[in-house]
Amino acid sequence: MVARARVPEASSEATRHVMQANRSKNTGPELAVRAALRAAGLTGYRLHWKKAPGKPDVCFPGRRVAIFIHGCFWHRCPHCAPSRPKTHAQFWEEKFARNRVRDRRDVEQLLAAGWTVLVVWECQLKRGRAEATMARVVTQARRASERRLPAHVLDAGAPPVWRLRAARARRRARRR
């Protein structure tokens, strides 16, 4: 039996059906990541592997690499700052807080078990950014298996630190 999410009583039946239509598996971003992994020759992964904490979207048990593909809205992307629903604001804040707590717990459990965790955000798989993001994912997945790197987390969509510093410097220069 599948547990149903607690929806505020004021929600309409139509809203309930729209929310139920949101898929948790085989989403567009997830399919794109899996296709890129296959194209790079990285096969042998498990989907939503129950033996790994948090059931990562893509999991390489032998390499000890877990990949989470997060939707920007549901997991509150730090890169694109998605909008928040205006109705039932308290419900949504609690929902988003629970999602963030669960994500953090899953990552901590994987790190404690010695896994490399890669987080890919939906917005980083859009046109113009997908190739660079997937190149980082593929590189990190290969490195983790070849060198047995210590457990760490990589936000695959985040630009390298030197790019962030350069962007900040450019903004400061423009303000002057």
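Residues numbered from 1 in each chain as written. Predicted model: local features only at pLDDT ≥ 70, side-chain atom pairs only at ≥ 80, totals over all residues. Heavy atoms only, no water.

Caption draft 1: Representation of the packing of aromatic side chains. With the rule as written, the count across this model stands at six aromatic pairs. Their ring planes at 65° and their centres at 5.9 Å tell us that Phe 73 and Trp 92 sit as a pair that is edge-to-face. Here Phe 73 is found in helix α3 (residues 72-75), whereas its partner Trp 92 is found in helix α4 (residues 89-112), with 19 residues between them in sequence. Summarising the aromatic geometry, the rings of Phe 73 and Phe 96 are spaced 5.2 Å apart at their centres and angled 90° between planes, so their arrangement reads as edge-to-face. Of the two residues, Phe 73 sits in helix α3 while Phe 96 sits in helix α4, which places them 23 residues apart along the sequence. Of the residues examined, Phe 96 reaches a relative accessible area of 0% and is grouped as buried. A connected cluster of aromatic rings, assembled from ring pairs, spans Phe 73, Phe 91, Trp 92 and Phe 96. Geometry around Phe 73 places Arg 76 over its ring, the cationic atom sitting 5.6 Å from the centre. (Phe/Tyr/Trp six-rings, centres within 6.5 Å; stacked < 30°, edge-to-face > 60°. Helix = DSSP H or I, 4+ residues; strand = E, 2+ residues; numbered from the N terminus. Buried < 20%, exposed > 50% of the residue type's maximum accessible area, 1.4 Å probe, protein only. Lys NZ or Arg CZ within 6 Å of the ring centre and 35° of its normal.)

Caption draft 2: Inspection of unusual backbone geometry at higher detail. One non-glycine residue, Lys 55, adopts positive backbone phi at about 45°. Summarising the element assignment, Lys 55 is placed in the loop between β1 (46-47) and β2 (58-60). Positive phi, close to 60°, is recorded for Arg 76, a residue that is not glycine. Among the secondary structure elements, Arg 76 is positioned in the loop between α3 and α4. On the basis of relative accessibility, which here comes to 10%, the residue Arg 76 falls in the buried class.

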